[in-house]
Amino acid sequence: MSTRSPVHDPSGTLSDKRVRHGGLPLSALLALATAVFVTSLTETLPAGVLPALGADLGVGESAAGQAVTVYAVGTALTAIPLTAATAAWRRKRLLLSATGAFAVANTVTAVSSSYPLTLAARFLAGVAAGLAWALLAGYARRLTPVHLQGRAIAIVMTGIPVALSLGVPAGTFLAGATDWRVAFLAMTALALAVIGWTAAAVPDLPGQPPERRERILGALAVPGVVPVLFVTLVFVLAHTVLYAYVASYLDHLGMGGSTDLVLLVFGVASLAGIWVTGALIHRRLRVLTVAGAVLVAAAAAVLGLLSDVPALVYVAAALWGLGWGGVPTLLQTAAGDAGGERADAAQAVLVTLWNAAMAGGGVLGGVLLDSAGAASLPWSVLALLAPVLAVVLGARAHGFPAKRA
């Protein structure tokens, strides 16, 4: 199997047909995976440094948690209009622009001593994420032969569990050993490295010509798209309610000093989850989605009932990571399958709902933390996952079919 990226033609415009000839273009896919890593780590790093970030900016932990929320709001508000506005842009140009915006936003976050300025920088990062998330899965699909597209998306989405297993714990450790600002400066350096790798290794692809562009919301009329989007919205909401305040929850348990280790267990288990997903997604998308929801629910139950035993907190983190690790790949693949010819439009709506759910999770988690205490967070996860399982099990014909086409 060839692992070489296609060669550019003299004009620098490669057709989808030429790019997708052969096997997996691993160098290009790994560059895209690293871009996903930057996106995911920029998004989640505040969760690991929340107490220190809040103290330095002179705000409480629930207010500091809005650094996650405003990032998601930026994505949710801009993903659809910016995806439509940049539909004609060449794909590499768009990806490089988004990655450059991450470098700017993380630099401002690192040097800011103003809470409003920090939120503005996080909003900019969220806008960049909206462009990146709407672009990356489709980019991977277009670079790869049809029978390998699920595996290509799994490779690219590996950036998420790697960010969670290595990036967030490393960032948390670095913040504890030095300062949380150093962690964000390190993110700037990484974004600049990704720009260089993308420029060198990722083939360029054209945007959509005017005659092929469709109204993005038209994808909602395609059978199966709405169930996938509902599951995305509620599953991500359930995950974010707890994840955005995991440092505060562990403080509540008296395990605040172990946040980096708990996140490491979660992230390593996420890597295992995405490995299983990549191996089985071509035939077992429905089963894997059900299993992911059940595992995350089991983790929430353990945290709700048995969190007074520290060893079981680590067990819960492992179950959570194993269940969650493959979810981004599963839902993006399900949206692409269900959307068919409108897959890109379905992906743009999915990105918007994903980040709306993140914003909602940050707000809901903050409200629960202030009003009902940290102990309420796992129970909210369980309550939200019940309709997720019901919809996945019910969408047997379209959305989450027993057999993929």
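Residues numbered from 1 in each chain as written. Predicted model: local features only at pLDDT ≥ 70, side-chain atom pairs only at ≥ 80, totals over all residues. Heavy atoms only, no water.

A. Examining the packing of helix α11 (residues 225–243) against helix α17 (residues 377–394) more closely. The contact between α11 and α17 brings their axes to 8 Å, and the two run at 165 degrees. By the angle between their axes, α11 is roughly antiparallel relative to α17. Considering only the axes of α11 and α17, their crossing is left-handed. Every residue of α17 that contacts α11 at Pro 227, Phe 230, Val 231, Val 234, Phe 235, Leu 237, Ala 238, Val 241 and Leu 242 is listed here: Leu 377, Ser 380, Val 381, Leu 384, Leu 385, Pro 387, Val 388, Val 391 and Val 392. Split into classes, the residues belonging to the contact of α11 with α17 amount to 17 nonpolar, 1 polar and no charged. (Axes fitted to C-alpha atoms, helices over the stretch in contact; angles between N-to-C directions. Helix = DSSP H or I, 4+ residues; strand = E, 2+ residues; numbered from the N terminus. Parallel < 35°, antiparallel > 145°, perpendicular 65-115°, else oblique. Left-handed = near helix turned anticlockwise from the far one by under 90°. Contact = heavy atoms within 4.5 Å. Nonpolar A, V, L, I, M, F, W, Y, C, P; charged D, E, K, R; others polar.)

B. Local environment of the nonpolar core. Core analysis: the biggest nonpolar cluster contains 125 residues, and Phe 235, Trp 320, Trp 324 and Phe 400 have the highest contact counts within it. The element contributing the most residues to this core is helix α13 (residues 259–306), with 15 residues. (Core = buried A, V, L, I, M, F, W, Y, C linked by side-chain atoms within 4.5 Å. Buried < 20%, exposed > 50% of the residue type's maximum accessible area, 1.4 Å probe, protein only.)

C. Local environment of the environment of Leu 331. By secondary structure assignment, the location of Leu 331 is in helix α15 (residues 327–339). Considering only alpha carbons, one finds Leu 331 and Gly 176, 155 residues apart in sequence, at a separation of 35 Å.

D. Broad picture of empty space enclosed by the protein. For the structure shown, the criterion picks out 5 cavities of 30 Å³ or more. In this model, the largest cavity occupies a volume close to 200 Å³. Taken together, 17 residues form the lining of the largest cavity, with Glu 43, Thr 44, His 239, Trp 354 and Met 358 sitting closest to its centre. For the lining of the largest cavity, the secondary structure elements donating two or more residues are α2 (26–48), α9 (159–177), α11 and α16 (343–371). Within the lining of the largest cavity, the residues separate by chemical class into 12 nonpolar, 4 polar and 1 charged. (1 Å grid on protein atoms, 1.4 Å probe; cavity = no way out; pocket = protein on both sides within 12 Å on 5 of 7 lines; lining within 4 Å. Points joined across faces, edges and corners; volume = space filled by probe spheres on them.)

E. Region of the structure containing the packing of aromatic side chains. The final tally for this structure, using the stated rule, is 6 aromatic pairs. Plain terms: the ring middles of Trp 180 and Phe 184 are 5.8 Å apart, the flat faces sit at 90 degrees to each other, and that makes the pair edge-to-face. A residue pair is termed a helical-turn pair when its members lie 3 or 4 positions apart in one helix, as Trp 180 and Phe 184 do in helix α10 (residues 180–201) at 4 residues. Across the pair, Phe 184 and Trp 180 agree in class, each one buried. Each ring, one from Phe 235 and one from Trp 324, has its centre 5.5 Å from the other, and the planes form 70 degrees; the classification is edge-to-face. With Phe 235 in helix α11 and Trp 324 in helix α14 (residues 310–324), the pair connects residues that are 89 residues apart, well separated along the chain. With a relative accessible area of 1%, Phe 235 lands in the buried category. Aromatic rings pair up to connect Phe 235, Trp 324 and Trp 354 into one cluster. (Phe/Tyr/Trp six-rings, centres within 6.5 Å; stacked < 30°, edge-to-face > 60°.)

F. Molecular detail of the side chain of Thr 78. As for its placement among the helices and strands, Thr 78 is situated in helix α5 (residues 66–85). Among the polar contacts made by the side chain of Thr 78, one reaches the main-chain carbonyl oxygen of Gly 74 at a distance of 2.6 Å. Among residues more than four places away in sequence, those in contact with Thr 78 are Thr 83 and Val 127. (Polar contact = N/O pair within 3.5 Å; in protein donor to acceptor, adjacent residues only side chain to side chain.)

G. Layout of α15. The first and last C-alpha atoms of α15 sit 18 Å apart over 13 residues, in line with the 18 Å expected at 1.5 Å per residue. With 12 of 13 residues buried, α15 lies mostly within the body of the structure. Buried residues of α15: Val 327, Pro 328, Thr 329, Leu 330, Leu 331, Gln 332, Thr 333, Ala 334, Ala 335, Gly 336, Ala 338 and Gly 339, and no others. Just beyond α15, the residue with positive phi is Gly 340, at close to 60 degrees. (Expected span 1.5 Å × (residues − 1).)

H. Molecular detail of α10. Taking 1.5 Å per residue as the helical rise, α10 with its 22 residues ought to reach 32 Å, and the 32 Å between its terminal C-alpha atoms agrees with that figure. Taken as a whole, α10 has its buried residues at Trp 180, Arg 181, Ala 183, Phe 184, Met 187, Thr 188, Ala 191, Val 194, Thr 198 and Ala 201. Of the residues that open α10, the one with a side-chain oxygen 2.8 Å from the backbone nitrogen of Arg 181 is Asp 179.

I. Main features of a nonpolar patch on the surface. On the surface, Leu 166, Leu 261, Leu 264 and Val 268 cluster together into a nonpolar patch covering about 330 Å² of accessible area. Ranked by residues supplied to the nonpolar patch, first place goes to α13 with 3 residues. Mapped onto the fold, Leu 166 is located in helix α9. (Patch = residues over 30% accessible without salt bridge, like charges linked within 9 Å, V, L, I, M, F, W, Y side chains within 5 Å. Areas by Shrake-Rupley, 256 points an atom, 1.4 Å probe, with all protein chains shown as cover. Salt bridge = Lys/Arg side-chain N within 4 Å of Asp/Glu carboxyl O.)

J. Representation of the environment of Asn 355 within the structure. With respect to the element layout, Asn 355 can be found in helix α16. Classification of Asn 355 by relative accessible area gives buried; the value is 1%. Separated by 226 residues in sequence, Asn 355 and Ala 129 place their C-alpha atoms 9.3 Å apart. With sequence-adjacent residues up to four places away left out, Asn 355 is seen in contact with Tyr 71, Ala 72, Thr 75, Ala 76 and Trp 133.

No statement about biological role is implied by the geometric values presented.
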